[in-house]
Amino acid sequence: MAKSIAQEFVKGLWTEIPPFRLVLGICPTLAVTTSVVNGVGMGIGVTFVLVCSNILIAMLRNVIPSKIRIACYIIIIATFVTVVELLSQAFAYPLYMSLGIFIPLIVVNCILLGRAEAFASKNPILPSIADGLGIGIGYTLALGVLGALRESLGNGTLLGYPVFGPAFEPFTFMVQAPGAFVSLGLMLAIMNMLGNR
Amino acid sequence: MGEYLVLIISCIFINNILLAQYLGNCPFLGTSKKMETAVGMAAAVVFVLTLAGGLTWAIDVYFLKKLEIEFLRTIAFILVIASLVQFVEMFLKKSIPALYAGLGIFLPLITTNCAVMGVCLINIQEKYTFLQSLVTSSAYAAGFGLALILFTGIRERIIIGRVPKPLQDTSIGLVTAGMLALTFLAFKGLV
């Protein structure tokens, strides 16, 4: 039963990488991946909240009464989301503006509550940190890849620099809502093809 | 009157919460495999979102703004929504058991439905009045129901068809949702 801490970390990067293996946290995935910067920024925010809330929940796991545990988790998560909101407002204002309401909406991202319930409430602090970091970094990677795909095809740029030369006609479909759904669907299909865990 | 009509149409069709604002997609994919569950979810969202829209508006104006603690908005809203859902659940169980049985497990799931929280935040961001908040909340909820039920209809048909193995289930669901979003994009010139 006792898995090593390294294993807990690595599973978030491939076998349980959200949003592909664990189909959770779809809304921000669709909404913010119009560019790499937005996607990675969102991923970092989620990672921060996930690690902090995992630490606190793992510390308090024997104190929180099981009947009101969900409410307790939500308050802990909401606290760290507020921290992220204020920090990004102070130090990364352009990112704060472009992510908009999706920063406060990290609260209702199912990944956070899912990890709190499935992992941090049953495990000690160190494995919980590893789990949070692994899942968070996996999510950041996934958002980065999806952002790169949509930005390069939809805008013809990558991190703001043109990649396909001046002759390229941007494929606007990709940065709009339909492109978000279709590209995430196709990414899921590719992940399914690459191997079943 | 005309102003409200424009607001309603734009909330249902043009800024459809699921397909244009990307909110509430987890229940969208999760409950769209069967028509019964989809209708239950849609009804629960209409019910709770309208209540939550009005309540969070009042909390924001009379409590958070008055005490100048707007930075606590995220925590306050999630608490209000969570307790509202709990309260509605208890109330329905006691007084309208038929409706409670119909909505069933969908009520508690709404707490983590980002459509509810998202609409409440949009209402504050757009500085709507109380009446406008109520109208937009219910119109967004109606848009949610419309898109969910349309999508479920399509999905029930797709299950019968032969889908390539890697594309099955969520993957083809997302691609279908993309196509549906494309059709909703055509409403853009409406208002």
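Remember, predicted model here, so these are calculated numbers, not experimental data.

### Points about the overall build of chain B
Turning to step 1, where the next piece is worked out: Counting secondary structure elements, chain B contains 9 helices and 0 strands.
Turning to step 2, where the next piece is worked out: In chain B, the succession of helices and strands from N to C terminus is α-α-α-α-α-α-α-α-α.
Turning to step 3, where the next piece is worked out: Relative to a compact globule of 191 residues, whose C-alpha radius of gyration would be 16 Å, chain B shows 17 Å and is just as compact.
Turning to step 4, where the next piece is worked out: Projected onto its principal axes, the C-alpha positions of chain B cover 60 × 45 × 30 Å.

### Some points on the packing of helix α8 (residues 177-194) of chain A against helix α9 (residues 170-185) of chain B
When two helices pack together, their arrangement is captured by the angle between the axes and the distance separating the axes.
Turning to step 1, where the next piece is worked out: Where α8 of chain A meets α9 of chain B, the closest approach of the two axes is 7 Å, and the angle between their N-to-C directions is 165°. As judged from the angle between their axes, α8 of chain A and α9 of chain B are roughly antiparallel. Seen along the crossing, α8 of chain A lies across α9 of chain B with a hand that is left-handed. Facing α8 of chain A, whose interface residues are A177, P178, F181, V182, L184, G185, L186, L188, A189 and N192 of chain A, α9 of chain B presents T170, S171, I172, L174, V175, A177, G178, A181, L182 and L185 of chain B.
Turning to step 2, where the next piece is worked out: Looking at the contact of α8 of chain A with α9 of chain B residue by residue, the classes come out as 15 nonpolar, 5 polar and no charged.

### Quick look at the interface of chain B and chain A
Turning to step 1, where the next piece is worked out: Contacts between the two partners involve 33 residues from chain B, matched on the other side by 35 residues from chain A.
Turning to step 2, where the next piece is worked out: Those elements giving two or more residues to the side of chain B that touches chain A turn out to be α2 (25-30), α4 (73-95), α7 (114-125) and α9 of chain B.
Turning to step 3, where the next piece is worked out: No other element matches the 10 residues that α9 of chain B contributes to the side of chain B that touches chain A.
Turning to step 4, where the next piece is worked out: Residues that form the side of chain B that touches chain A fall into these classes: 24 nonpolar, 9 polar and no charged.

### Observations regarding the nonpolar core
Turning to step 1, where the next piece is worked out: Counting residues in each nonpolar core, the largest one holds 104 residues, and the members touching the most others are I77 and F181 of chain A together with V45, V116, M117 and F144 of chain B.
Turning to step 2, where the next piece is worked out: Per-element accounting of this core gives the leading share, 10 residues, to helix α3 (residues 36-60) of chain A.
Turning to step 3, where the next piece is worked out: The contacts of M117 of chain B, once residues within four sequence positions are left out, are L105, V107 and V108 of chain A together with F77, I78 and I81 of chain B.

### Comments concerning the environment of I159 of chain B
Turning to step 1, where the next piece is worked out: For I159 of chain B, the location among the structural elements is in helix α8 (residues 130-160).
Turning to step 2, where the next piece is worked out: Taking the C-alpha atoms as reference points, I159 of chain B and A177 of chain B, 18 residues apart in sequence, are found 15 Å from one another.

### Points about the packing of α4 of chain B against α7 of chain B
All names here are of chain B.
Turning to step 1, where the next piece is worked out: It is the contact of α4 with α7, at a shortest axis distance of 11 Å, that shows an interaxial angle of 130°. The angle between α4 and α7 places the two elements in the oblique class. For the element pair α4 and α7, the recorded crossing hand is right-handed. Only V116, M117 and C120 of α7 make contact with α4, whose side of the interface consists of F77, I78 and I81.

### Topic: the confidence of the model for chain B
Residues and elements named next belong to chain B.
Turning to step 1, where the next piece is worked out: In the predicted model, chain B carries a mean pLDDT of 87, and the fraction of residues at 70 or more is 99%.
Turning to step 2, where the next piece is worked out: Looking at the elements of chain B, mean pLDDT is at its lowest for helix α6 (residues 106-109), recorded as 74, and at its highest for α8, recorded as 92.
Turning to step 3, where the next piece is worked out: The complex prediction reports pTM at 0.87, with the ipTM value standing at 0.84.

Cut-offs and rules
- Residues numbered from 1 in each chain as written.
- Chains lettered and ligands numbered in written order.
- Predicted model: local features only at pLDDT ≥ 70, side-chain atom pairs only at ≥ 80, totals over all residues.
- Helix = DSSP H or I, 4+ residues; strand = E, 2+ residues; numbered from the N terminus.
- Rg over C-alpha atoms; globule rule 2.2 N^0.38 Å.
- Axes fitted to C-alpha atoms, helices over the stretch in contact; angles between N-to-C directions.
- Parallel < 35°, antiparallel > 145°, perpendicular 65-115°, else oblique.
- Left-handed = near helix turned anticlockwise from the far one by under 90°.
- Contact = placed C-beta atoms within 7 Å.
- Nonpolar A, V, L, I, M, F, W, Y, C, P; charged D, E, K, R; others polar.
- Core = buried A, V, L, I, M, F, W, Y, C linked by C-beta atoms within 7 Å.
- Buried ≥ 20, exposed ≤ 12 C-beta atoms within 10 Å, placed from the backbone.
- pLDDT = per-residue confidence, 0-100.

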